[in-house]
Amino acid sequence: MNISVELTLTPLHDDYEPAIIHFIKKLRASKLTVLENPLSTQVYGDYDEVMALLTVEIKDAFELIEKGLLLMKIVKSDRHDYEPHF
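Structural notes, computed from the coordinates. (Residues numbered from 1 in each chain as written. Predicted model: local features only at pLDDT ≥ 70, side-chain atom pairs only at ≥ 80, totals over all residues. Heavy atoms only, no water.)

As a further point, take the overall build of the protein chain. Each helix and strand in the protein chain was counted, giving two helices and four strands. Going from the N terminus to the C terminus, the protein chain shows its helices and strands as β-α-β-β-α-β. Compactness check: the protein chain gives a C-alpha radius of gyration of 13 Å against a globular reference of 12 Å for 86 residues, within 12% of the reference. In terms of its C-alpha atoms, the protein chain occupies a principal-axis envelope of roughly 40 × 30 × 20 Å. Every one of the 86 residues in the protein chain was classed for burial, and the buried ones make up 31%. Across the protein chain, every contact between residues at least 6 apart in sequence was considered, and the portion connecting residues at least 24 apart equals 70%. Side chains of the protein chain give 9 positive and 15 negative charges; the mean places of these two sets differ by 2 Å. (Helix = DSSP H or I, 4+ residues; strand = E, 2+ residues; numbered from the N terminus. Rg over C-alpha atoms; globule rule 2.2 N^0.38 Å. Buried < 20%, exposed > 50% of the residue type's maximum accessible area, 1.4 Å probe, protein only. Contact = heavy atoms within 4.5 Å. Lys, Arg positive; Asp, Glu negative; His and termini not counted. Charge placed at Lys NZ, Arg CZ, Asp CG, Glu CD.)

Take a look at the structure:
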């Protein structure tokens, strides 16, 4: 089963950019499809592969920040090639 996951990591302290950059680079290093925009990062692929990666990398990201939150949306389909039709 393929999924699409949208992630927004928000460290709640100053000097937050290094933690976000580290998190995104770790996701990019995977064999999964990773797309980014200024507000979020999307990861696409097989459910088990995506969730295994996120389990490790979210924990790693949380260990690098003092306080923060992570917003995650999961869609049951691979939407990496979505294009609006309007």
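Glancing now at the environment of K25. Locating K25 in the fold gives a position in helix α1 (residues 17-28). Its relative accessible area of 51% is what places K25 among the exposed residues. Between the alpha carbons of K25 and G68 there is a distance of 18 Å; along the sequence they are 43 residues apart.

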